[in-house]
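Breakdown of the fold
Chain by chain, the residues:
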Amino acid sequence: MKRKRRQAEDEDLKRKGAENWMQKGKASIQFDEPPYIISAASVAGSKEGEGPLGSLFDVTEQDDMMGQKNWEAAESSLQKKAAELAAKKAGLTTGSIRYLFAGDLLGQLIATSFGLMDLEIPLFGLYGACSTMGEAMSLGAMVAEAGYADRCLSLASSHFATAEKQFRFPLAYGNQRPYSATWTATGCGAVVIASQKAARKAQTKKPLAKITGITTGKIVDFGLKDSMNMGAAMAPAAFHTIWQNFQDFGWDERQFDRIITGDLGTVGQTILLDLLRKEGYDITGIHMDCGIELYDGEKQDTHAGGSGCGCSALTLCAMILPKIQEGIWRRVLFVPTGALLSTVSYNEGNSVPGIAHGVIIEHVESV
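These notes cover the structure that comes with them. Note on numbering: residues in each chain are counted from 1, in written sequence order. Totals for whole chains, interfaces and linings use all residues, but because this is a predicted model, local features are given only for residues with pLDDT of at least 70 and pairs of side-chain atoms are given and counted only at 80 or more. Just so you know, side-chain values use all the structure's heavy atoms and leave hydrogens and water out.

1. Considerations on the pattern of salt bridges
Salt bridges are counted wherever a side-chain nitrogen of Lys or Arg sits within 4 Å of a carboxyl oxygen of Asp or Glu. In the structure shown here, the tally under the stated rule is 7 salt bridges. The closest approach of N and O atoms between Lys80 and Asp118, which form a salt bridge, is 3.5 Å. On the criterion of sequence distance, the pair formed by Lys80 in helix H3 (residues 71–89) and Asp118 in the loop between helix H4 (110–116) and strand E6 (123–126) is long-range, its members being 38 residues apart. The shortest N-O distance in the salt bridge between Glu362 and Arg331 comes to 3.1 Å. Here Arg331 lies in strand E14 (residues 331–335) and Glu362 lies in strand E17 (residues 358–362), a separation of 31 residues in the sequence. Considered together, Glu362 and Arg331 belong to a single accessibility category, that of buried residues. In this text, helices come from DSSP runs of H or I with a minimum length of four residues, and strands from runs of E with a minimum of two, each type numbered from the N-terminal end. Think of it in three bands: with a 1.4 Å probe and only protein chains considered, a residue is buried below 20% of the maximum accessible area for its type, exposed above 50%, and partly exposed in between.

Listed below in structure tokens is the structure:
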């Protein structure tokens, strides 16, 4: 009844021409003409290629240095290759992309700025930590639906070695990792998002999916100070975004085939399920975490699972979107999660806040 009443209210607002009728609740948007995801590309590192999703990636690099002189340049190479491949798979040149939404984990987004400058696409550089893919897709969808861009490119990357070098210890140090730690994924995922008008005009092949709504996360801090336990730090933010999505749209977990978090790993997953259960929601049967899916926990020694901007981006492009396109999953809530810490904040004794951005992705029947 609540959902039907909300739908009736939306139709009434639309008829009256209300300017804010697409706004849902406190933090969500329901798109009037949902933009399409018309292509996706995934470029993974060697360890990721050895995992359960290895056969699904477009490109698996056997040399994690990518032929570059340093790790940071290697990550830049990942981004450029994924961006160019996503455009190619959409039948486009990079010059026909209006805007680029991209980010990484490094200071001043150097993987993004050095990796994508040659593309000469107007850039919005983003930092949402490991939630960046959700942020990039949210903004890309908003811009496309509003008519500010016919097509835009959203992507995010991470690299195990660059992240360890910046946030933890140099690899040569050989430090031991606690079991709560996650493995930063080496890889980049990129999607081309187009307005319905642009997609129809181009008469392209059937889209992978459509973005029907978003729920923008807020910063959530439970006071955790263990930088090696990212799952616990991010789980409260994932909980809040999922809960907020339910409140804003007037529905519950039964409306989704899958609710997919970005990189909580096994530790964060347990916390998330417990927090939602206390609020009366049980997503146990439909929850999936990209950090758990990307690696074989028993064979690959990743401890709690995977993390990093590339973790959710790779899993989305290689596994999630194909399943949605095929109709195996009709509606998915994709919730990349991020830990908003830096070496400065950690060394000053601050806690590790989290954030999560929700993107509602649905199957497209026909264009």
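2. Examining the side chain of Ser158
When you line up the elements, Ser158 lands in strand E7 (residues 151–158). Pairs of residues are marked as contacts when any of their non-hydrogen atoms sit within 4.5 Å. Excluding residues within four positions of it along the chain, Ser158 makes contact with Glu75, Leu78, Leu105, Thr184, Ala185, Thr186, Gly187, Ser307, Gly308, Cys309, Gly310 and Cys311.

3. Overview of unusual backbone geometry
At Gln108, a position not held by glycine, the phi torsion is positive, near 60 degrees. Considering the arrangement of structural elements, one finds Gln108 in the loop between strand E5 (99–103) and H4. Positive phi, normally seen in glycine, also occurs at Glu120, with a value near 55 degrees. Its place among the elements puts Glu120 in the loop between H4 and E6.

4. Let's talk about the nonpolar core
Within the largest apolar cluster, 50 residues are counted, with the highest numbers of intra-cluster contacts made by Met137, Val191, Ile320, Phe334 and Ile361. Residue assignment for this core shows that the elements contributing at least two residues are strand E3 (36–44), helix H5 (132–146), E7, strand E9 (187–194), strand E10 (209–215), helix H11 (309–325), E14 and E17. Counting residues per element, this core draws most heavily on H11, at 11 residues. Beyond its immediate chain neighbours, meaning those up to four positions away, Phe334 contacts Met133, Met137, Ile260, Cys290, Ser312, Leu316, Ile320, His357, Gly358, Val359 and Ile361. In these notes, a set of buried Ala, Val, Leu, Ile, Met, Phe, Trp, Tyr and Cys residues joined through side-chain atoms within 4.5 Å is what counts as a nonpolar core. Of all hydrophobic cores here, the second largest spans 29 residues; its members include Phe246, Leu276, Leu341 and Val352.

5. What to know about the packing of aromatic side chains
Classification of ring pairs uses Phe, Tyr and Trp, with its six-membered ring standing for Trp, and accepts pairs whose centres are within 6.5 Å; under 30 degrees between planes counts as stacked, over 60 as edge-to-face, and the remaining range as tilted. Evaluation of the coordinates by the stated rule reveals 6 aromatic pairs. Measuring from ring centre to ring centre gives 5.3 Å for Trp251 and Phe256, while their planes differ by 80 degrees; the resulting arrangement is edge-to-face. As far as the burial class goes, Trp251 and Phe256 line up, both buried. Put simply, a charge is over a ring when the Lys NZ or the Arg CZ is close to the ring centre, within 6 Å, and near the line of the ring normal, within 35 degrees. A cation over a ring is seen here: Lys323 above Trp329, with NZ or CZ 5.5 Å from the ring centre.

6. Things to note about the environment of Gly45
Checked against the element boundaries, Gly45 lands in the loop between E3 and helix H2 (46–49). As for Gly45 and Asp63, which are separated by 18 residues in sequence, their C-alpha atoms are 7.5 Å apart.

7. Quick notes on the side chain of Thr112
Relative to the helices and strands, Thr112 resides in helix H4. Within 3.5 Å is the distance limit for a polar contact, defined as a pair of N or O atoms, with the added protein rule that one can donate a hydrogen and the other accept it, and that residues adjacent in sequence qualify only through two side-chain atoms. One polar contact links Thr112 to Gln79, side chain to side chain, over a distance of 3.0 Å. Discounting residues that sit within four places of it in the chain, Thr112 has contacts with Gln79, Ala102, Gly103, Asp104, Met117 and Leu123.

8. Points about the packing of helix H8 (residues 230–249) against helix H9 (residues 265–278)
Geometry is summarised by axes, namely lines fitted to C-alpha atoms with helices restricted to the contacting stretch, and by angles between N-to-C directions that run from 0 to 180 degrees. Look at H8 against H9: their axes get within 8 Å of each other, and the N-to-C directions meet at 35 degrees. Helix-helix and strand crossings are classified by hand; for H8 and H9 the assignment is right-handed. Contacts from Gly231, Ala232, Ala235, Pro236, Ala238, Phe239 and Ile242 in H8 reach Val267, Gly268, Ile271, Leu272, Leu275 and Leu276 in H9. Of the residues contributing to the contact of H8 with H9, the split by class is 11 nonpolar, 2 polar and no charged. By convention, the crossing between two helices is left-handed when the near helix turns anticlockwise from the far helix through less than a right angle, and right-handed when the turn is clockwise. Gly falls in the polar group here, along with every residue not listed as nonpolar (Ala, Val, Leu, Ile, Met, Phe, Trp, Tyr, Cys, Pro) or charged (Asp, Glu, Lys, Arg).

9. Quick notes on the packing of H5 against H11
Two numbers describe how H5 lies on H11: the axes approach to 8 Å, and their chain directions differ by 60 degrees. It follows from the interaxial angle that H5 and H11 lie oblique. Residues Thr132, Met133 and Met137 of H5 form the contact with H11, whose participating residues are Cys309, Ser312, Ala313 and Leu316. Its residues assigned to classes, the contact of H5 with H11 comprises 5 nonpolar, 2 polar and no charged. Roughly parallel means an angle under 35 degrees; roughly antiparallel means over 145; roughly perpendicular covers 65 to 115; every other angle is labelled oblique.

10. Some details on H9
The span one expects for a helix is its residue count, reduced by one, times 1.5 Å. Here H9 is 14 residues long and its end C-alpha atoms lie 20 Å apart, about the 20 Å a rise of 1.5 Å per residue gives. In this structure, the buried side of H9 is in contact with H8, strand E11 (258–261), strand E12 (287–289) and helix H10 (290–293). Phi turns positive, to about 95 degrees, at Gly280, one or two residues after H9.

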